[in-house]
Amino acid sequence: QPGPFLIRDHADLVFSMVAIMIIAYIVGAAILICGSAQLAKVAFISGHIMGPAILILVGIGSYCVESSLMDVFFTFIIGGIAYLMRHLDYSRPAFFLGYLLGGLAERYFYLSLGAYGWSFFILPIPLAIIIITIFMLSFEKMYNWIKSKF
């Protein structure tokens, strides 16, 4: 039974699992080091062959999570959005990071506002984050402005 008393009651089992994981990491690393020359050849496979193979594996993987065709549909919708973003020169990593972390950020933002009110924005850590964000958003424009002056 997993829980807080697992190590106390079954120390031998826990340390056996840790030892097996260490051995597995070492064996896996050895296999990858020995086979790295063969694995590197994957990079030279034509995109016309690799693209459909990746799409098939992505479709199978998204279907296997909950056995739902809607998951496959949404996977390809998100892929289409990423494709459009690429051609319109939008930052795909920033979009997907915001998509994944946006819910958590919103949740904890409202929790902080509930706990501290609007004075939350003048606490040291949020204030530092706000200043760093403003600096990062304006850095390129400031850099170009300074570069044009000198």
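Check the entry above for the structure.
Residues numbered from 1 in each chain as written. Predicted model: local features only at pLDDT ≥ 70, side-chain atom pairs only at ≥ 80, totals over all residues. Heavy atoms only, no water.

Draft legend 1. Geometry of the overall build of the chain. Along its length, the chain carries 7 helices and 0 strands. In sequence order, the secondary structure elements of the chain are arranged as α-α-α-α-α-α-α. In terms of overall size, the chain is more extended than a compact globule, its C-alpha atoms giving a radius of gyration of 24 Å where 150 residues would be expected to give roughly 15 Å. Considering only residue pairs separated by 6 or more positions, the chain has 0% of its internal contacts joining residues 24 or more positions apart. For the chain, the exposed area adds up to about 13,200 Å²; of that, 75% sits on carbon and sulfur atoms. For the chain, the separation between the mean place of its 8 positive charges and that of its 7 negative charges on side chains is 17 Å. (Helix = DSSP H or I, 4+ residues; strand = E, 2+ residues; numbered from the N terminus. Rg over C-alpha atoms; globule rule 2.2 N^0.38 Å. Contact = heavy atoms within 4.5 Å. Areas by Shrake-Rupley, 256 points an atom, 1.4 Å probe, with all protein chains shown as cover. Lys, Arg positive; Asp, Glu negative; His and termini not counted. Charge placed at Lys NZ, Arg CZ, Asp CG, Glu CD.)

Draft legend 2. Geometry of helix α6 (residues 92–116). Taking 1.5 Å as the rise per residue, α6 with 25 residues should run 36 Å; its terminal C-alpha atoms sit 34 Å apart, in good agreement. If you look at α6, its biggest bend is around 50 degrees, right at L101. Looking at where α6 begins, the residue whose side-chain oxygen comes 3.3 Å from the main-chain nitrogen of A94 is S91. Within two residues after α6, G117 carries a phi angle of roughly 70 degrees, on the positive side. (Expected span 1.5 Å × (residues − 1). Bend = angle between axes of the 7 residues up to and from the residue. Polar contact = N/O pair within 3.5 Å; in protein donor to acceptor, adjacent residues only side chain to side chain.)

Keep in mind that these numbers describe shape and distance, not what the molecule does.
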